[in-house]
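# Understanding the architecture of this molecule
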Amino acid sequence: MIHLKSEEEIELIRQSSLLVGKTLAEVAKIISPGVTTKAIDQRAEEFIRDNGAIPGFKGYNGFPYALCISINEVVVHGFPGMQEVKEGDIVSVDCGVLMNGFYGDSAFTFVIGDVDPTVQALVEATRESLNVGIEQAVVGNRIGDIGFAIQQFVELRGYSVVRDLVGHGLGRNLHESPEVPNYGRRGIGHRLQSGLVLAIEPMINLGGKAVIQERDGWTIRTADRKPSAHFEHDVVVRHGKAEVLSTFEFIDEVLKSRN
Ligand code: MG
Ligand code: MG
């Protein structure tokens, strides 16, 4: 069952998505070699609660943390812990919040210091592929148009698209219908209507598309242990041009000032 959102509901999702962007900007301030992923998670949870929201992931299907922190070959759903971020890592930080009954959900892959140029290029292409997908989230298109655009963009550059995890609808629930695969065929799938809110989140691998779930029941890593990048925005389907509710603006500002 697909729920199209009213403008009032969209405003509330925008506020939640905005808080996620600001939380990720707090992460951007402290993510450096030597910092543990647990410390990053604690900072994010504190910031979310100080802003009157609750961490959207904590307790979701039993997930124990505020953030998913996924380093290098970990694709998504990595557990924060005593592992330290180090020079040369790429670190996907995925954050959700629940505020006023609505979720926001966004992810950003941070590059730590000097990263192998091929890995840097993967991260940049993944971020660009998100925008390519968002361009397709307009009235009259279908879900398959989003996935097709992302898949074509990254495969032309020699990367592969994770199949086992997908984007999703978003609202009063963190994961709503429809699923939003990052691969697909043009003109196939659910028809996009105005007011549909989607979390689009390409997970793109440097090597093969196959992934494995670790024994903790959550952590997803590439089968070939090559790096994977991940970016996610919350968008509303509109006529002519999708509207992006989440933002990387605050993150980019922090990263610029740190350089
Ligand atoms: Mg997410
Ligand atoms: Mg998501």
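Placed above this text is the structure.
A quick note: this is a predicted structure, and the numbers were derived from the prediction, not measured.

### Quick notes on the coordination of the magnesium ion (ligand 1)
Each angle at a metal carrying four tetrahedral donors should ideally be 109.5 degrees, and each at a metal carrying six octahedral donors should ideally be 90 or 180 degrees. Protein coordination of the magnesium ion (ligand 1) is provided by Asp94 (OD), Asp94 (OD), Asp105 (OD) and Glu232 (OE), with donor distances spanning 2.0 to 2.5 Å. For the magnesium ion (ligand 1), the single-chain donor residues occur in sequence as D-x10-D-x126-E. Separating the magnesium ion (ligand 1) and the magnesium ion (ligand 2) is a distance of 3.1 Å, and aspartate 105 donates to both of them. Of this pair, aspartate 94 sits in strand E4 (residues 90-99) while aspartate 105 sits in strand E5 (residues 102-111), and the two are eleven residues apart along the sequence. With respect to class, aspartate 94 is no different from aspartate 105; both count as buried.

### What to know about unusual backbone geometry
For the bond from serine 177 to proline 178, the omega torsion is 0°, close enough to zero to count as cis. Mapping proline 178 onto the fold places it in strand E8 (residues 176-180). Of note in the backbone geometry, asparagine 61 takes a positive phi value of approximately 50° without being a glycine. Of note in the backbone geometry, arginine 225 takes a positive phi value of approximately 60° without being a glycine. Following the sequence through the fold, arginine 225 ends up in the loop between strand E12 (220-222) and strand E13 (228-230).

Quick notes on the rules
Residues numbered from 1 in each chain as written. Chains lettered and ligands numbered in written order. Predicted model: local features only at pLDDT ≥ 70, side-chain atom pairs only at ≥ 80, totals over all residues. Heavy atoms only, no water. Donors = N, O, S within 2.8 Å, 3.2 Å for Na, K, Ca; no water. Helix = DSSP H or I, 4+ residues; strand = E, 2+ residues; numbered from the N terminus. Buried < 20%, exposed > 50% of the residue type's maximum accessible area, 1.4 Å probe, protein only.

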